[in-house]
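# Chains, contacts and geometry: an overview
Below are the chains, spelled out letter by letter.
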Amino acid sequence: MATWKKLSLLLSIIPLLLLLAYGFKTNPREVPSPLVGRQAPAFALSMFDGSSNSLEALRGKVVILNFWASWCFPACYEEAPHLEAAWQTYRDRGVMVIGVDIQDRDTEAKAFIERLTLSFPNGPDPQGKISIDYGIYGVPETFFIRKDGTIHYKHVGALDAKLLKAKIEEML
């Protein structure tokens, strides 16, 4: 009887170990999105500077849509300078960088923008509608949207300059 209990315990542990082994070999930054290859969800965003923007108004441009928050440390702080550099480098070539601040207070978000001297448009998603439409579950997350409005790529986690440049060049 004791042998049967040991065998059943071993058989119940094996699937758990296999699941853990699978989890350790996957890359958490490569989260598949059902939106890749499809039309990006439409959005309208009121920016912190009082202007407004929408995906429809950006048709014909490459759009880098970055979801962030001021409390997202260190990832959002690490990637923001790369997004700003991409904005400065590519905006004259039809690339638009848009920041969407989620689950944040306006005062802290504006302080984040000022502290990092970000000049690309940023706005809050106060009801979370845009975040829900894009399936955001954490920050930072970034969507690369082609000129025709389809999603080319989704990145989870902080972007680096190399990846940002590579994805933009693929779309141009």
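Residues numbered from 1 in each chain as written. Predicted model: local features only at pLDDT ≥ 70, side-chain atom pairs only at ≥ 80, totals over all residues. Heavy atoms only, no water.

The subject of this paragraph is the sheet that holds strand β6 (residues 141–145). The five strands are arranged β5-β4-β3-β6-β7 in an open sheet whose pairing can be described as mixed. Looking along the sheet, the strands with just one partner apiece sit at the ends: β5 (122–124) and β7 (151–156). With direction set aside, neighbouring strand axes in the sheet form an average angle of 20 degrees. The sheet contact formed by strand β3 (residues 62–68) and strand β4 (residues 95–101) spans seven bridges and is parallel. Paired with V62 across the two strands is V95, which belongs to β4. (Pairing = 2+ DSSP bridges. Helix = DSSP H or I, 4+ residues; strand = E, 2+ residues; numbered from the N terminus. Axes fitted to C-alpha atoms, helices over the stretch in contact; angles between N-to-C directions.)

A separate point is the pairing of β6. The buried fraction of β6 amounts to five of the five residues, a majority that puts the element mostly inside the structure. Both faces of β6 are covered, namely the face carrying E141, F143 and I145 and the face carrying T142 and F144. Relative to β7, β6 runs antiparallel, the two sharing five bridges. Bridging from a neighbouring strand, E141 pairs with V156 of β7. Taken together, β6 and the strand that follows it, β7, pair antiparallel across an intervening segment of five residues, in which G149 is found at a positive phi of about 90 degrees. (Buried < 20%, exposed > 50% of the residue type's maximum accessible area, 1.4 Å probe, protein only.)

All right, on to the nonpolar core then. Formed by 48 residues in total, the largest nonpolar core has its most connected members in I64, L65, F67 and Y134. Elements with a contribution of two residues or more to this core: β3, α2 (75–90), β4, α3 (106–115), β6 and α5 (161–171). Examining the composition of this core, we find that eight residues originate from one element, α2, more than from any other. Beyond its immediate stretch of four places on either side in the chain, Y134 contacts L35, A40, P41, F43, L55, L65, F67, F143, I145 and I151. (Core = buried A, V, L, I, M, F, W, Y, C linked by side-chain atoms within 4.5 Å. Contact = heavy atoms within 4.5 Å.)

Bringing the environment of F120 into the picture now. Along the chain, F120 falls in the loop between α3 and β5. A relative accessible area of 4% means that F120 is categorised as buried. Each C-alpha atom, one on F120 and one on G99, is 7.5 Å from the other, the two residues being 21 residues apart in sequence. Once residues lying within four places of it in the same chain are set aside, the contact partners of F120 are A80, L83, E84, W87, V97, I98 and G99.

We now examine the pattern of salt bridges. Scanning the model with the defined rule gives six salt bridges in all. A salt bridge links E108 to R105; the shortest N-O distance between them is 3.7 Å. Linking K154 and E141 is a salt bridge whose minimum nitrogen-to-oxygen distance equals 3.2 Å. Taken as a pair, K154 in strand β7 and E141 in strand β6 lie far apart in primary sequence, 13 residues in all. The buried category is assigned to K154, whose relative accessible area is 8%. Residue classification places E141 among the buried positions, given a relative accessible area of 0%. (Salt bridge = Lys/Arg side-chain N within 4 Å of Asp/Glu carboxyl O.)

Here we come to unusual backbone geometry. For the peptide bond that leads from F73 to P74, omega is 10 degrees, which places it in the cis range. Locating P74 in the fold gives a position in the loop between β3 and α2. In the Ramachandran plot, Q103 falls in the positive-phi region, its phi being about 45 degrees despite a non-glycine side chain. For T117, which is not glycine, the phi torsion reads 45 degrees and is therefore positive. Note that T117 resides in the loop between α3 and β5.

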